[in-house]
Amino acid sequence: MSEPSTPRTPRPPRIPTVDLRPWLDGGPEARAGIARTVDLALQTAGFLLVTGHGVDPGLRADVRAAARAFFTLPDAAKRRYAAKVGGRGWLGPGAEANGYAEGTETPPDLKESLTFATHEPFEDPVVNAEWYAPNVWPREVPALRALCEEYLARMAELENHLLALLGEALGLEPDFFTRHMDHPTYGFNINWYPGTEVIGEPLPGQFRIGPHTDFGTVTILDRQAGRGGLQVWTDDDGWRDAPYDPAAFTVNIGDLMARWTGDRWRSGRHRVLPPPSDVPAEELMSLVYFGECTPGTLVESVPAPVGRVTYESVDSHVYLREKLDSITVD
């Protein structure tokens, strides 16, 4: 008589959902299990969904409503707040082509953005000259400032929890990353993806955001479901629609974090599809928080056996500036 077969353990999803509550409040065993899940996910797709974060969904909705009130203003009003990539203010249509970062000549991305960044100046005037300017708050939408400042405070808290989790996922001390974030140059983009009645018909090879990887450490994305939404690349599956949970944030790591881990973790390659031909009026909005280091942080690859590749050490912000310049449409 044959032995009963042992049930196979289901393969975990490539982009798992991680509940942060056991990480924040649980014991060592629960925390270690979450760390293992995170390590595996970041080795494959570079993405996670995160729940249990404590960020009020009403705040997220209110930020979107206020931002939409700005984006639907006449272009003449929005142009008063025009900025360059990496600046503070409005990035109008045609400002960015994220595919350029991969060396791909693509048409400009089909989006508009409001961009904000760190709210406190630095002591070094040279750093200030490149990485600080007061945020620009459109006077036509007075509610936007308080909402965004509250949202950014919640993102800073969440980023610190995530970075401590990432340190443990690598088997390192919990402050391995957080000690480099005492005065970060975080960025915050509110991306508006209107339908074809606003942007016209997409050109061949044109996306809401072209294929790319993010440049920095950790990105925290609050997005909406849509046919013309986020797709993630993995070597095994190619392009696939990213899983969606309205309660979750989508979290991915960027190029600097991949270098830092010696390519143990991969920078999550992704794109945002153009408006679908069968739903051309689809409109989406994403809130994108880019966690970055304190200027001058030296990023050195974690050695083996944790790291897989040893990169040349880089100044975090020299690296970031080169990347931001690469996606700017002349």
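Reading the values: rules and limits
- Starting from 1, residues in each chain are numbered consecutively following that chain's sequence as written.
- Confidence filtering applies because this is a predicted model: local features only for residues at pLDDT of at least 70, side-chain atom pairs given and counted only at 80 or more, and all residues used for totals across whole chains, interfaces and linings.
- Only hydrogens and water are set aside when side-chain values are computed; all heavy atoms of the structure are taken into account.
- Think of a nonpolar core as a cluster: buried Ala, Val, Leu, Ile, Met, Phe, Trp, Tyr and Cys residues, connected wherever their side-chain atoms sit within 4.5 Å.
- For each residue, the accessible area found with a 1.4 Å probe, counting protein chains only, is set against the maximum for its type, and the residue is called buried under 20%, exposed over 50%, and partly exposed in between.
- Here a helix means four or more residues in a row that DSSP labels H or I, a strand means two or more in a row labelled E, and each is numbered from the N terminus.
- The contact rule is simple, with two residues in contact once any of their heavy atoms fall within 4.5 Å.
- If DSSP finds at least two bridges between two strands, the strands pair.
- Known as pLDDT, the predictor's per-residue confidence is scaled from 0 to 100.

1. Re the nonpolar core
Right, so step 1: Formed by 71 residues in total, the largest nonpolar core has its most connected members in Val 38, Phe 71, Leu 166, Ile 190 and Met 257.
Right, so step 2: The biggest single contributor to this core is helix 6 (residues 143-169), with twelve residues.
Right, so step 3: Sequence-distant contacts of Ile 190, defined by excluding residues within four places in its chain, comprise Val 63, Ala 67, Phe 71, Glu 112, Ser 113, Leu 114, Phe 116, Cys 148, Met 285, Ser 286 and Leu 287.
Right, so step 4: Of all hydrophobic cores here, the second largest spans 14 residues; its members include Tyr 193, Leu 221, Ala 242 and Ala 248.

2. Points about the pairing of strand 6 (residues 209-213)
Right, so step 1: With five of its five residues buried, strand 6 lies for the most part within the structure.
Right, so step 2: Pairing geometry for strand 6 and strand 11 (residues 269-272), over three bridges, is antiparallel. Paired with Thr 213 across the bridge in strand 11 is Arg 269.

3. As for the confidence of the model for the protein chain
Right, so step 1: Averaged over all residues, the pLDDT of the protein chain equals 91, while 96% of them reach at least 70.
Right, so step 2: By mean pLDDT, helix 5 (residues 125-131) is the weakest element of the protein chain at 84, and helix 3 (residues 57-71) is the strongest at 98.
Right, so step 3: Taken as a whole, residues 1-12 scores under 50 in pLDDT and shows two contacts with residues more than four places along the chain or in a different chain.

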